[in-house]
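Listed below, chain by chain, are the residues.
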Amino acid sequence: MKNHKGIPMHRIASLALAAASGLAAIGACASQTQSNTIGEGIATSVTQAVVKSYLDSYAREYQRLSTESSEAQWASNTRIVAGDSTNAVRTKAADEALNRFVGSTENINRIRTFLKAESVLTPIQKRQLETMLYNAATGPQMVADVVSRRIAADAAQTEKLYGYTFNVAGKAVTPNQIDSVLRNGTNPTERRAYWEASKAIGPTLKPGIVELRSLRNQTVQALGYSDFFSYQVSDYGMTADEMLRLTDGMNRELRPLFRELHTWARYELAKKYNQPVPKLIPADWLPNRWGQDWSALATVSGLNLDSAFVGKTPEWIVRQGEEFYKSLGFEPLPASFWEKSSLYPLAAGSPFKKNTHASAWHMDLQNDVRSLMSVEPNADWYGTSHHELGHVYYYMTYSRPEVPLVLRGGANRAYHEGIGTLMELASGQRRYLVNRGVISGGSVPDTMQSLLKEALQYVVFMPFSTGTMTRFEHELYSKNLSPDQFNAKWWELAAKYQGIAPPTPRGENFADALTKTHINDDAGQYYDYALSQALLFQLHNHIARNILKQNPHDTDYYGNREVGSFLKALMAPGASRPWREVLKETTGQELNAQAMVAYFAPLHTWLKEQNKGRTYTLPEI
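> What is the right way to look at the overall build of the protein in this model?
A count of helical and extended segments in the protein gives 25 helices and six strands. Taking 2.2 N^0.38 as the reference for a compact globule, 621 residues should give roughly 25 Å; the C-alpha atoms of the protein span a radius of gyration of 24 Å, in line with that estimate. Its C-alpha atoms give the protein principal-axis dimensions of about 75 × 55 × 50 Å. Looking at the 621 residues of the protein, the share that counts as buried comes to 62%. Look at the contacts in the protein between residues 6 or more apart in sequence, and 80% of them connect residues 24 or more apart.

Below is the structure:
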């Protein structure tokens with residue numbers, strides 16, 4: 001999961017496409033505030049032809065305005081010029097126009113009227129209407145001033161987030177340079193300096209988050225939601241408390257394994273830095289700015305991927321990803337993808353900056369698909385490219401006449417991440433790499449070290465996503481966390497869930513939580529990534545055992561059209577069918593974390609042996 005690239009939720013909630021299971025409650029919640037505006041007898045005049053005409057008209061306008069908004073957002077993310085507000089002004093205008101339409105009182109009332117006439121609706125029409133009502137909560141025009149201010153605040157926060165210049169000892173450094181030092185650096189003083197530099201942006205972002213918290217909450221409260229976090233969770237057909245119980249349950253299920261990983265890492269890092277073994281791991285000892293990915297702590301003999309890409313070009317890295325999908329039976333990427341995407345780092349001395357967080361974009365809900373990356377020829381970007389193209393191919397697969405425009409999204413938000421990360425996992429397995437010529441067939445990687453490296457990426461991520469991030473945003477939106485407690489709460493959660501601590505005391509003059517991209521521009525839905533992890537291991541286990549008949553730890557999907565057909569069956573419906581039904585039909589199971597636990601069972605046994613005689617200090621949850 002590297003940097004947590006994903007669906008570009010660059011608009012607030014990205015006009016998220018809802019799972020139908022959660023929409024009945026949404027409709028009921030919303031109807032409490034405006035039911036008296038709909039005449040009691042109106043629903044009886046609704047006909048199939050009237051509904052179809054309305055949905056067709058809505059879709060045309062929605063696509064036009066959505067495309068204009070996406071284009072403006074794209075410019076704001078790919079060409080950031082200090083002191084130039086041109087993109088921000090354009091983005092604000094485009095987003096306001098989209099929100100005025102999606103959240104118009106007229107549309108809300110008509111949607112509710114049609115939903116009252118359920119007997120004349122087809123299932124796909126009902127699903128469209130429910131999704132449109134859910135989307136309306138991103139910009140309800142009964143609070144047009146709040147929506148306008150929120151859009152402006154969003155744009156301003158994006159400019160601050162990606163226009164910031166990081167500095168170490170008075171010298172400008174890029175996010176990629178910071179990440180490289182934390183992954184590979186061995187000098188504790190240098191590591192501390194780069195880690196602290198990565199957090200320096202926090203105070204700059206704090207006023208904007210305080211304002212956005214208020215505006216985001218007010219926006220969705222206009223349609224009856226208690227707060228923004230609860231609104232986002234409702235996409236899954238769940239309450240906030242139900243989501244917290246689910247994420248806590250997943251966390252507890254993986255806790256025994258994470259406890260072993262945490263203990264192993266404490267002792268290994270203390271030895272590396274010649275320091276006493278700490279109870280909580282100092283954050284600057286870890287190879288990731290937020291301690292969400294520790295995979296660089298493990299080196300797999302016979303699997304040095306970074307050296308495999310020496311001499312390769314960034315374009316070669318991305319093309320490898322495209323070839324993978326084509327081999328499964330997917331179409332080549334459209335020429336416009338290569339022409340319009342922003343795939344590589346900006347040249348030194350560039351007069352503008354760009355968002356360095358990898359993402360995939362569905363610009364017009366049809367054929368204009370793009371990716372925003374900063375690809376370099378290394379193992380991290382090799383996996384990231386496969387991941388981002390997973391999103392792009394998901395867009396392409398459900399962009400077909402059978403899927404209405406407003407339902408062109410993942411079956412739920414976790415599906416998009418699940419598919420992307422599934423392909424990232426598959427692209428890193430030994431058999432795939434050997435068969436692609438990336439590593440030598442004669443090399444025999446240490447299988448336990450390989451499994452350890454994967455666990456340090458995937459398992460370590462779970463307490464961060466289900467715990468630190470999800471709980472912080474719940475506190476932020478649902479409990480109105482006081483700004484003078486932001487940093488204390490963040491590090492309290494990091495200690496409890498991740499077993500990490502800041503290298504030195506950090507008071508409220510810092511705002512370390514806000515350095516995480518998603519809290520600013522992809523808010524209230526980080527649990528998506530946790531659910532996607534459970535999904536990806538469930539899908540991978542099914543593909544490995546039932547289609548490929550291969551060991552799940554050593555697979556090669558490449559060229560297998562049956563794997564491609566299985567993935568297409570999952571992806572093609574988009575959000576037009578309930579996600580639980582699609583998963584049950586394709587895998588025969590409900591969503592669960594058992595496949596993830598089973599995948600790492602051999603490692604769990606090995607770690608217990610390594611940790612004999614060591615002290616466990618990971619807090620209970």
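> Teacher, can you tell me more about the packing of aromatic side chains here?
Between two aromatic rings, the relevant description is the distance of the centres plus the angle of the planes. Counted under the stated rule, the structure contains 40 aromatic pairs. When the ring of F461 is compared with that of Y526, the centres are 5.9 Å apart and the planes differ by 55°; the resulting orientation is tilted. With a gap of 65 residues between them, F461 in helix 18 (residues 447–477) and Y526 in the loop between helix 20 (517–521) and helix 21 (527–548) connect regions that are remote in the sequence. Taken together through their ring pairs, the aromatic side chains of F324, Y325, F330, Y393, Y432, Y557 and Y558 make up a single cluster.

> Looking at this structure, I do not really get unusual backbone geometry. What am I missing?
Glycine aside, residues mostly have negative phi angles, and peptide bonds mostly take the trans form. Phi at L365 takes a positive value of approximately 60°, unusual for a residue other than glycine. Relative accessible area serves as the criterion here: at 9%, L365 is assigned to the buried category. Of note, the phi angle at K549 is positive, near 55°, even though the residue is not glycine. Note on placement: K549 falls in the loop between helix 21 and helix 22 (561–571).

> Before we go on, may I ask you to explain the packing of helix 11 (residues 240–273) against helix 25 (residues 601–610) in this structure?
The angle between the axes and the distance between the axes are what describe a pair of packed helices. In contact at an axis separation of 10 Å, helix 11 and helix 25 are set at 45° when each is read in the N-to-C sense. The orientation of helix 11 with respect to helix 25, classified from their angle, is oblique. Classified by chirality, the crossing of helix 25 by helix 11 is left-handed. Contact with helix 11, carried on its side by P256, L257, E260, L261 and W264, involves L603, H604, L607 and K608 of helix 25 and no other residues of that element. By residue class, the composition of the contact of helix 11 with helix 25 is six nonpolar, one polar and two charged.

> Where do I start with the nonpolar core in this structure?
A general trend in soluble globular proteins is that nonpolar side chains are found buried together. In terms of nonpolar packing, the biggest core is built from 168 residues, with L261, Y557, L567 and F600 touching the most fellow members. Ranked by the residues each element gives to this core, the list is headed by helix 18, at 14 residues. Non-local contacts of F600, meaning those with residues more than four positions away in its chain, are made with L257, L451, E454, A455, Y458, V459 and F537.

> Would you mind showing me how to read the packing of helix 21 against helix 23 (residues 579–587) here?
Closest axis-to-axis distance for the helix 21/helix 23 pair is 11 Å, and the angle between their directions is 25°. Taken as axis vectors, helix 21 and helix 23 run roughly parallel relative to one another. Judged by the sense of rotation from one axis to the other, the crossing of helix 21 with helix 23 is left-handed. Between helix 21, through L535, Q538, L539 and H542, and helix 23, the contact on the second element is made entirely by L583, T586 and T587. Partitioned by chemical class, the residues of the contact of helix 21 with helix 23 number three nonpolar, four polar and no charged.

> When you look at the side chain of D95 in this model, what are you seeing that I'm missing?
Examined against the element boundaries, D95 turns out to sit in helix 3 (residues 86–102). D95 sits in the buried class, given a relative accessible area of 6%. At 2.3 Å, the side chain of D95 forms a polar contact with the side chain of S69.

> Mind showing me how you'd approach the environment of I439 here?
Within the secondary structure, I439 is located in the loop between helix 17 (430–435) and helix 18. Owing to a relative accessible area of 9%, I439 belongs among the buried residues under this scheme. With 135 residues separating them along the chain, I439 and N304 place their C-alpha atoms 8.2 Å apart.

> What am I meant to see in the pattern of salt bridges here?
Side-chain pairing between opposite charges can occur once the charged atoms of the two side chains come close. Under the definition given, this model contains 32 salt bridges. The partner of K271 in a salt bridge is E268, and the shortest N-O contact between them spans 3.8 Å. One end of the pair, K271, and the other, E268, are both in helix 11, three residues apart, so they sit about a helical turn from each other. We classify K271 as exposed; its relative accessible area is 61%.

> For this particular structure, what's the right way to read the environment of Y616?
By the element assignment, Y616 lies in the segment after helix 25. Here Y616 falls in the partly exposed class, since its relative accessible area comes to 27%. Each C-alpha atom of the pair Y616 and E260 lies 8.1 Å from the other, and the pair is 356 residues apart in sequence. Setting aside its immediate chain neighbours within four residues, Y616 contacts R259, E260, T263, R266 and N611. A distance of 2.9 Å separates the side chain of Y616 from the side chain of E260, its partner in a polar contact.

> Even after reading the chapter, I still don't get helix 25, so can you show me in this structure?
Structural remark: α-helix, 3.6 residues per turn; residues separated by three or four positions point the same way. Along helix 25, the positions that sit buried rather than exposed are L603, H604 and L607. Around the axis of helix 25, the buried residues are gathered within 105° of arc, so they sit on the same side. Considering only its buried residues, helix 25 is in contact with helix 11 and helix 18.

> Mind showing me how you'd approach the pairing of strand 5 (residues 369–372) here?
Residues in a regular strand point their side chains to alternate faces of the sheet. Where burial is concerned, the two faces of strand 5 agree: the one with V369 and S371 and the one with R370 and L372 are both buried. Pairing of strand 4 (residues 359–362) with strand 5, which is carried by four bridges, proceeds in the antiparallel orientation. Residue pairing in the sheet places S359 in a bridge with L372 of strand 5. In textbook terms, the turn of a hairpin is the stretch between consecutive antiparallel strands, and for strand 4 and strand 5 this stretch comprises six residues, one of which, L365, has a positive phi near 60°.

> Would you mind going over the side chain of S532 with me for this structure?
Inspection of the secondary structure puts S532 in helix 21. In terms of polar contacts, S532 uses its side chain to reach the backbone carbonyl oxygen of Y529, at 2.6 Å.

> Please clarify how the environment of T587 should be interpreted in this entry.
Relative to the elements of secondary structure, T587 occurs in helix 23. Residues T587 and F566, 21 residues apart in the sequence, show an inter-C-alpha distance of 9.2 Å. Those residues in contact with T587 that sit more than four places away from it in its chain are Q538, L539, H542 and F566. In terms of polar contacts, T587 uses its side chain to reach the backbone amide nitrogen of Q589, at 3.3 Å.

> So what exactly am I meant to see when it comes to helix 3 here?
With 17 residues, helix 3 should reach 24 Å at 1.5 Å per residue; the first-to-last C-alpha distance of 25 Å fits that figure. All of the buried residues along helix 3 are N87, A88, T91, A94, D95, E96, A97, L98, N99, F101 and V102. For helix 3, the elements touching its buried residues are helix 2 (48–78), helix 4 (105–116), helix 5 (123–136) and helix 6 (144–163).

> How do you make sense of the confidence of the model for the protein when you look at a structure like this?
Reading predicted coordinates in detail is not appropriate for stretches of low pLDDT. For the protein, the average pLDDT comes to 90, and 93% of its residues sit at 70 or higher. Below a pLDDT of 50 lies the segment residues 1–41, which in the model reaches 139 contacts outside its immediate sequence neighbourhood of four places, other chains included.

About the cut-offs
- Residues numbered from 1 in each chain as written.
- Predicted model: local features only at pLDDT ≥ 70, side-chain atom pairs only at ≥ 80, totals over all residues.
- Heavy atoms only, no water.
- Helix = DSSP H or I, 4+ residues; strand = E, 2+ residues; numbered from the N terminus.
- Rg over C-alpha atoms; globule rule 2.2 N^0.38 Å.
- Buried < 20%, exposed > 50% of the residue type's maximum accessible area, 1.4 Å probe, protein only.
- Contact = heavy atoms within 4.5 Å.
- Phe/Tyr/Trp six-rings, centres within 6.5 Å; stacked < 30°, edge-to-face > 60°.
- Axes fitted to C-alpha atoms, helices over the stretch in contact; angles between N-to-C directions.
- Parallel < 35°, antiparallel > 145°, perpendicular 65-115°, else oblique.
- Left-handed = near helix turned anticlockwise from the far one by under 90°.
- Nonpolar A, V, L, I, M, F, W, Y, C, P; charged D, E, K, R; others polar.
- Core = buried A, V, L, I, M, F, W, Y, C linked by side-chain atoms within 4.5 Å.
- Polar contact = N/O pair within 3.5 Å; in protein donor to acceptor, adjacent residues only side chain to side chain.
- Salt bridge = Lys/Arg side-chain N within 4 Å of Asp/Glu carboxyl O.
- Arc of directions from axis to C-beta.
- Pairing = 2+ DSSP bridges.
- Expected span 1.5 Å × (residues − 1).
- pLDDT = per-residue confidence, 0-100.

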